[in-house]
Amino acid sequence: MIGSSERFEIRRRWSGDLPGCVSALAEVHRVDGYPVAWPRDPARWLVESDQLACWVAVSAATGEVVGHAGLCRGPGSSAAGVWAARGEGRVADAAGAVSRLYVAPPARGHGLGARLLDVVAAQARAWDLHPVLDVVTENTAAVELYHRRGWELLLTTDQIWPNGMTVAVHCFAAA
């Protein structure tokens, strides 16, 4: 049980964190339906081929992984293409896509989603990438977070996923 005074650390993810990441993801999926389509191999889903880096939120008291966020190369994100098209001389390769951002329900209310988002965006900027992200339109809590953090809604579009699903997503870019 996570208490209101619990402290959390945000740090880079390492391979030993993956079981805890999957456990937290399963809880998020059960409560929120994220990810929309549960992956056949959730650990592999968390380790994307175009990933540049990942971070976890960890309970300082227990070491339990309670949150996750990744940074990927931009071209795999609809938002990267939209962001590039909106500025002269921009290319999708100059974007860094925030991905796989979630916080387990018992750890919510501590600002961990915002902290993870800020860490990923700061690293993208440090690597001269402009932070972007796609989010399923139905994920209203995430959409509200991005608005609160000052991200710009670029466009809402449909994506056709590899499993054949058509899903409406918002494309955001950091201010």
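Structure first, text after, so check above.
This structure is a prediction, so every number in the text was calculated from the model and none was measured.

**Considerations on the pairing of strand β3 (residues 65-73)**
Reasoning step 1: A large share of β3 lies buried, amounting to eight of its nine residues.
Reasoning step 2: Looking at chain direction, strand β2 (residues 51-59) and β3 are connected through seven bridges and run antiparallel. Along β3, the bridge assignment pairs W55 with A69.
Reasoning step 3: Here β2 hands over to β3 after five residues, with G63 in that stretch at a positive phi of 80°.
Reasoning step 4: Two strands pair when backbone bridges link them, and β3 and strand β4 (residues 95-103) are joined in this way by six bridges, in the antiparallel orientation. Directly across from H68, in β4, lies its bridge partner Y102.

**Let's talk about the layout of surface pockets**
Reasoning step 1: Each pocket or cavity is described by its volume, and for the largest pocket that value is around 1,600 Å³.
Reasoning step 2: What lines the largest pocket is a set of 48 residues, and nearest its centre among them are Y34, W45, R100, L101 and D134.
Reasoning step 3: Tallying contributions element by element places β4 first for the lining of the largest pocket, with seven residues.
Reasoning step 4: Here the residues of the lining of the largest pocket are counted per class, giving 27 nonpolar, eleven polar and ten charged.

Procedures and definitions
- Residues numbered from 1 in each chain as written.
- Predicted model: local features only at pLDDT ≥ 70, side-chain atom pairs only at ≥ 80, totals over all residues.
- Heavy atoms only, no water.
- Buried < 20%, exposed > 50% of the residue type's maximum accessible area, 1.4 Å probe, protein only.
- Helix = DSSP H or I, 4+ residues; strand = E, 2+ residues; numbered from the N terminus.
- Pairing = 2+ DSSP bridges.
- 1 Å grid on protein atoms, 1.4 Å probe; cavity = no way out; pocket = protein on both sides within 12 Å on 5 of 7 lines; lining within 4 Å.
- Points joined across faces, edges and corners; volume = space filled by probe spheres on them.
- Nonpolar A, V, L, I, M, F, W, Y, C, P; charged D, E, K, R; others polar.

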